[in-house]
Structures are given as C-alpha cells and as structure tokens.
Amino acid sequence: MRRLIVTLLVPVLVLAACKDAPKPDATPKPTAPEAIPSDIVYNSFFSSPSATANLRVQFDGGLDAGGNAAVAEGPTGKAVVLDPGAEPKSKLSYAFAMGKTAVVTATVTASVGGGGPTAGDQPPFKFTFNVTPKTRAPDGKTHFDLKIQKVEIVMTGQVDPQMAQQKGVLEKAFTGLEGGFDATSNGDVENVSLAADKVPRMAQQILPLFAQSLEFLVIPVPSVPVGVGAKWTTTSRDEQIGATVTTTYTLVSHNGTAAEIKTDLTRAAPKKAFEDPQAPPGSMLEVKGSGSYVIDLRLDGVSSKADGSSTMTISLTAPGQPPQNTTVKQSQALESK
C-alpha cells in the first residue's frame, strides 16, 4: 500500500526525487561533495505520528485552516482591496442558507516532471462529498458539516491485481468520513477539521489531498462595495513547505446572488536547510510556484464551479552540485449541486 500512496501523492507530499549517484571506484580521490540520494521524499507534515490527529491545512485560495494568514482576520476580513472596480458597485457578502446541503464533486489531477521514480502522470483523485451550513454562532460565523460519500482513484488501462486491491482499500477508508469548517460573511474560513483518527494510518496521507479539493468552496470577498474589474488580495503562509502564498482575485461579473471570479496565485519559499537524514550535509530546498483559477461562487452557499491549474518547482541542492528540480503540475475541477 505504501508504494501506491507514494505514487499517488506527489502533489501533496512535495517530492524531491533526484538522479542516482554514480558508484565510487576503489581508487583514492580527493573528497567530493556527497550526492543527493534518489529516493528522498520531502514529507515534513507527516514526520510526527500525531501530525494528522489535528489536521491543519493551508490552502492556495481563501481557506486557511491553520490560522497562518499574514493578514489577521478582523471585522473587515482578510481581503485587501487593490482596485474597487467600475460602477455600479455593491457589497459581496455571504448569507449562507442554513440546512441546505450541496453535493460536491472535486477532481484533483497531477503530473510530475524532472526525473525520479514517480515522475509522470499521476492517477486523478475524484472526491464526492456533502457540505451543509448547520449552525450560526453569535459572532456571525457559520459552521459547515462535511461528509465524504465516495472517493475514486481513477486508474485507466490494465491494473495489477495487487494494486487494484490497495486502491479499493484506500477508497473504502474514506467512505463516511466527517469533518467541518467555519466561515464568516466575508468568506474567511477557519477551524477546518477531519476525523483523521477514523482513517487507517497509511491512508491518512491522502487527507491533505482531499483538503486541497475544499479550497474553492468559499473564497474571501471584500468588506466594501466593489464593481466589475475589482481586484483584491490575500496573503497566507503554507507552513508545510514554509512558503508565502499570495492570491489576487479579480471580479469578472456578478448579479447580486452569484459572481464569477478569476484568481491568480504565487507561492514562494526561500532556500532553507533540507533536514533529511539521507540528504548530504548542507542540502538546501527552495520552492516556487504559480496558479490560475476561475470560480463561480454563490453568496448563499458553496461555489457552484471551479477550474484551474498550478505549477510548483521544488529545487534541491547539495554543496558542489547543480540543482535537481522536480516540477509538479496540478489541475483541479469542482462542481456542486
């Protein structure tokens, strides 16, 4: 099962796979820089046995489950307006319809380039789950319940019987999994939780991938009136890879109850020490990425549609060696009814 998980989870586990080092001969030579092993997987989020017990997830877009936003939430929310847009202007504010369940289908697809044992296209993950606004707190925040109905790992062609069995075990592990999150009228989201303790240990590594499928359900909107062409931004921290994520939103259209919004994001993590026992001393890791998405949001519930893609490059270097790069390309598609 571990083989299947590692193959499937490159988008979430940030693979830094590198070329095999040449075998040394017996002739004494001056000391050379130690080569980077070919089987390193950068997976700091799961370095602790209790890491998934209290799942904290940082999303590309509006959802910020870990409380790591650089702009702290307050009465005016996290969104910072860059351009108010054209007239006429109106306020975009969520008024969630309590008790109204949305059935969401979200598909996450990825490919990996740059060499290494798991390079190439990865099987898409398709999640089907229910989202229901359940209660509203005195401070105005709405609590949503989540429940996964089905998970599919979409593998085409002939599948090895053992792999097919592992696939079935993983899919079954998530059926009925429950969780939730809180959202403000400005679309700021916190307290994302999933019942990780009810999922087998190895299968828990898929939870962040599911969390990525949630990122477009509710997105932040300005607390002031805006018109078509308006732009606003949020800045957050992806603690999993130590990156700063900056997302810019552009209002394409709106009719008072729904809106189309284009989002562009950048992700940047400066070089830092790569702490892995297999890595040569002095190894450094750097992450850069960008993405673009189009979201159809509803102001009385979760988004009706979202599509987009992102690219992330992980650069791993060791003293005296050129960078060894892995590029992860990921696309996401979401629909709700």
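What counts as what
- Residues numbered from 1 in each chain as written.
- Predicted model: local features only at pLDDT ≥ 70, side-chain atom pairs only at ≥ 80, totals over all residues.
- Heavy atoms only, no water.
- Salt bridge = Lys/Arg side-chain N within 4 Å of Asp/Glu carboxyl O.
- Buried < 20%, exposed > 50% of the residue type's maximum accessible area, 1.4 Å probe, protein only.
- Helix = DSSP H or I, 4+ residues; strand = E, 2+ residues; numbered from the N terminus.
- Expected span 1.5 Å × (residues − 1).
- Arc of directions from axis to C-beta.
- Pairing = 2+ DSSP bridges.
- Core = buried A, V, L, I, M, F, W, Y, C linked by side-chain atoms within 4.5 Å.
- Contact = heavy atoms within 4.5 Å.
- Phe/Tyr/Trp six-rings, centres within 6.5 Å; stacked < 30°, edge-to-face > 60°.
- Polar contact = N/O pair within 3.5 Å; in protein donor to acceptor, adjacent residues only side chain to side chain.
- pLDDT = per-residue confidence, 0-100.

1. Focus on the pattern of salt bridges
No. 1: Inspection of every chain in the model, using the stated rule, returns seven salt bridges.
No. 2: Across the pair Glu87 and Lys89 runs a salt bridge, and its minimum N-O distance is 3.0 Å.
No. 3: A relative accessible area of 61% places Glu87 in the exposed class.
No. 4: Linking Glu171 and Lys167 is a salt bridge whose minimum nitrogen-to-oxygen distance equals 3.0 Å.

2. Comments concerning helix α3 (residues 161-173)
Residues spaced three or four apart along an α-helix point in a common direction, a consequence of the helix completing one turn every 3.6 residues.
No. 1: A rise of 1.5 Å per residue sets the reference length of α3, with its 13 residues, at 18 Å; its end C-alpha atoms lie 18 Å apart and thus fit the reference within 8%.
No. 2: Listed in full, the buried residues belonging to α3 are Met163, Gln166, Lys167, Leu170, Glu171 and Ala173. In a view along the axis of α3, the buried residues occupy a sector of 160 degrees, so they form one face of it. Seen from the buried face of α3, the exposed residues on the opposite side, beyond 90 degrees, are Pro161, Gln165 and Lys172.

3. Some words on the pairing of strand β9 (residues 258-273)
No. 1: Where strand β8 (residues 243-254) meets β9, ten bridges bridge the pair, whose relative direction is antiparallel. Among the inter-strand pairings, Ser253 is bridged to a residue of β9, identified as Glu260.
No. 2: The turn joining β8 and β9, which pair antiparallel and follow one another in sequence, is formed by three residues; a positive phi near 100 degrees is taken by Gly256.
No. 3: Of the pairings in the sheet, the one linking β9 to strand β10 (residues 284-298) comprises 14 bridges and is antiparallel in character. Pairing of Ala268 across the sheet is with Lys288, part of β10.

4. What to know about the nonpolar core
Across soluble globular proteins, nonpolar side chains show a tendency to be buried alongside one another.
No. 1: Of all hydrophobic cores here, the largest spans 55 residues; its most connected members are Phe129, Val131, Phe174, Phe181, Leu217 and Trp232.
No. 2: With five residues, the top contributor of residues to this core is strand β4 (residues 142-153).
No. 3: Apart from residues no more than four positions distant in its own chain, Phe129 is found in contact with Ala102, Val103, Val104, Ala106, Leu146, Lys147, Ile148, Gln149, Phe210, Ser213, Leu214 and Leu217.
No. 4: The next biggest cluster of nonpolar side chains, apart from the first, holds eleven residues, and it includes Ile241, Ala269, Phe274 and Met312.

5. Let's talk about the packing of aromatic side chains
No. 1: Under the definition given, this model contains eight aromatic pairs.
No. 2: Both rings, one in Phe216 and one in Tyr293, keep their centres 4.7 Å apart while their planes meet at 50 degrees; by these two values the pair is tilted. In this pair, Phe216 sits in the loop between α4 (207-212) and β7 (231-238) while Tyr293 sits in strand β10, placing the two residues 77 residues apart along the sequence.
No. 3: Under the relative-accessibility criterion, Phe216 is labelled buried at 3%.
No. 4: Among the aromatic residues, those joined into a ring-pair cluster are Tyr94, Phe96, Phe144 and Phe181.

6. Observations concerning the side chain of Gln332
No. 1: Along the chain, Gln332 falls in strand β12 (residues 324-336).
No. 2: For Gln332, a relative accessible area of 5% puts it in the buried group.
No. 3: Here the side chain of Gln332 touches Glu215 through a polar contact of 2.8 Å, side chain to side chain.
No. 4: Contact partners of Gln332, with chain neighbours within four places excluded, come to Thr107, Val108, Gln212, Ser213, Glu215, Phe216, Ala306, Asp307 and Gly308.

7. A short note on the environment of Gln324
No. 1: If you trace the backbone, Gln324 turns up in strand β12.
No. 2: Relative accessible area serves as the criterion here: at 18%, Gln324 is assigned to the buried category.
No. 3: With ten residues separating them along the chain, Gln324 and Ile314 place their C-alpha atoms 8.3 Å apart.

8. Let's talk about the confidence of the model for the chain
No. 1: Chain-level pLDDT for the chain is 77 on average; 75% of the residues reach the 70-or-more range.
No. 2: Per-element averaging of pLDDT across the chain places helix α2 (residues 10-13) at the bottom with 34 and strand β1 (residues 80-83) at the top with 97.
No. 3: In this model, residues 1-33 is a region of pLDDT below 50 whose contacts with residues beyond four sequence positions or in other chains number 78 contacts.
No. 4: In the model, residues 36-75 has pLDDT below 50 throughout and makes 120 contacts with residues more than four positions away in sequence or in other chains.

9. Comments concerning unusual backbone geometry
No. 1: Between Glu87 and the following residue, Pro88, the backbone shows a cis peptide bond with an omega angle of -5 degrees.
No. 2: Structurally, Pro88 is set in the loop between β1 and β2 (102-113).
No. 3: Not every positive phi belongs to a glycine, and Asn191 is a case in point at roughly 55 degrees.
No. 4: Position of Asn191 relative to the elements: it lies in strand β6 (residues 189-194).
No. 5: The class for Asn191 is partly exposed, based on a relative accessible area of 46%.

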